[in-house]
Amino acid sequence: MSDEVPFAVRRAELIDRAVAICSGDARFPAGWLEGSLADGSADSYSDIDLHLCVVESAWNEVWNGRLREIERIAPILASLDIMGVFGVGCLIEGPVKLDVFFERESGLASRPRIAVKQLWGAPEIYDRFKIGDDLGDAAIKHALQSNVLGFLQGATWPVRILARGQINTFLFNEILLVETAIVPLMLLEKDRRAFHRNMFTRAKLITPEQRAECARLVDRIVTSVRGGDRIAMRDLHIEMHRKICELARAAFARHGLEFPPRVEGEMAAFYQREWPK
């Protein structure tokens, strides 16, 4: 990770400001990083996942004034509350991408954490954390099923989009299918957290041979679309569909799940039969 990249320089300066401002505030007895900056997968363009421990007596004040608290560190250009957690996704002046998560001191032990990089706080606070790289079988199975079955239940999309003449939408979705289906299923062979990782970091974690295979797929997608070759587009999509099924079937077997037995063959036949000319 190069500290000379402007994005990385601004990021480091923002973290330093957060520590300088919040570590002296009694309402925030601890602060730490999670995500890629904590687990070692970050690069010069990774964002910041800043977690702030909030004492119970100050919870309402802090959460109700969350944007004001963040702007003590730096001006916010745009922000949105993160659904399901007490967090705010922010674009900070610079720009810097910063997500801030506010955690009640009483609830620090309530969830598992993959990795933590301590910024300030007493050791006894961090002693409460449940830290471990394994999310558990239930979470891994749920993510695998949700993602794969989500892809498969919507598998008629290429025919429908091409029939409507939406060629650029087809191109976008084909490349996205490589990034969001094939890449994580490849990574899942060695990394149980594949579907829980940031989609922009997963391709860096597969093998060089797998990266080259995915790059060739993307090149072929672009070439077939640019050339207007509907037969090549169809045949490549069938190849990708079968690759997804191959990888997913093996992953389902490893995790004791049942892969839908008919979907691969019936969808391949559908593409052959009804692909728009």
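Residues numbered from 1 in each chain as written. Predicted model: local features only at pLDDT ≥ 70, side-chain atom pairs only at ≥ 80, totals over all residues. Heavy atoms only, no water.

**Concerning the overall build of the protein**
Right, so step 1: Looking only at helices and strands, the protein has 12 helices and 8 strands in total.
Right, so step 2: Along the first, second and third principal axes, the C-alpha set of the protein runs to 65 × 40 × 35 Å.
Right, so step 3: Each of the 277 residues in the protein was classed as buried or not, and the buried ones make up 45%.
Right, so step 4: Taking as baseline every contact in the protein between residues at least 6 positions apart, the subset at least 24 positions apart corresponds to 61%.
Right, so step 5: For the protein, the exposed surface amounts to about 14,100 Å²; the carbon and sulfur share of it is 54%.
Right, so step 6: In the protein, which carries 36 positive and 39 negative side-chain charges, the distance between the mean positions of the two groups comes to 5 Å. (Helix = DSSP H or I, 4+ residues; strand = E, 2+ residues; numbered from the N terminus. Buried < 20%, exposed > 50% of the residue type's maximum accessible area, 1.4 Å probe, protein only. Contact = heavy atoms within 4.5 Å. Areas by Shrake-Rupley, 256 points an atom, 1.4 Å probe, with all protein chains shown as cover. Lys, Arg positive; Asp, Glu negative; His and termini not counted. Charge placed at Lys NZ, Arg CZ, Asp CG, Glu CD.)

**So, the side chain of His237**
Right, so step 1: With respect to the helices, strands and loops of the structure, His237 is situated in helix H11 (residues 230-254).
Right, so step 2: With a relative accessible area of 2%, His237 lands in the buried category.
Right, so step 3: Apart from the residues within four sequence positions on either side, His237 is in contact with Trp157, Pro158, Glu174, Leu177, Tyr271 and Trp275.

**Some remarks on the pairing of strand S4 (residues 87-92)**
Right, so step 1: Among the 6 residues of S4, 5 are classified as buried, and the element is accordingly described as predominantly covered.
Right, so step 2: Both strand S3 (residues 76-82) and S4 contribute to a ladder of 6 bridges, which runs antiparallel. Paired with Ser79 across the two strands is Cys90, which belongs to S4.
Right, so step 3: From the end of S3 to the start of S4, which pair antiparallel, there are 4 residues, and Gly84 there has a positive phi angle of about 90°.
Right, so step 4: Where S4 lies against strand S5 (residues 96-104), 6 bridges are found, and the strand directions are antiparallel. If you follow Gly89 over to S5, its bridge partner there is Asp99.
Right, so step 5: Between S4 and S5, which pair antiparallel in sequence order, lie 3 residues; one of them, Gly94, sits at a positive phi of approximately 150°. (Pairing = 2+ DSSP bridges.)

**Section: empty space enclosed by the protein**
Right, so step 1: Summed over all chains, the structure comprises 1 cavity of 30 Å³ or more.
Right, so step 2: Size it by volume and the largest cavity reaches roughly 50 Å³.
Right, so step 3: In terms of lining, the largest cavity is formed by Leu14, Ile15, Ala18, Leu33, Ile48, Leu50, Ile73, Leu98 and Leu119.
Right, so step 4: Those elements that place two or more of their residues in the lining of the largest cavity are helix H1 (6-22) and strand S2 (48-54). (1 Å grid on protein atoms, 1.4 Å probe; cavity = no way out; pocket = protein on both sides within 12 Å on 5 of 7 lines; lining within 4 Å. Points joined across faces, edges and corners; volume = space filled by probe spheres on them.)

**So, the pattern of salt bridges**
Right, so step 1: Scanning all chains against the criterion turns up 25 salt bridges.
Right, so step 2: Linking Glu105 and Arg128 is a salt bridge whose minimum nitrogen-to-oxygen distance equals 3.5 Å. Placement of Glu105 in the loop between S5 and strand S6 (112-113) and of Arg128 in the loop between helix H5 (123-126) and strand S8 (130-131) is noted, with a sequence separation of 23 residues between them.
Right, so step 3: Salt-bridge contacts for Arg192 lead to Asp137; the nearest nitrogen and oxygen are separated by 2.9 Å. Placement of Arg192 in the loop between helix H8 (167-187) and helix H9 (202-205) and of Asp137 in helix H6 (residues 137-153) is noted, with a sequence separation of 55 residues between them.
Right, so step 4: For Asp137, a relative accessible area of 46% corresponds to the partly exposed category. (Salt bridge = Lys/Arg side-chain N within 4 Å of Asp/Glu carboxyl O.)

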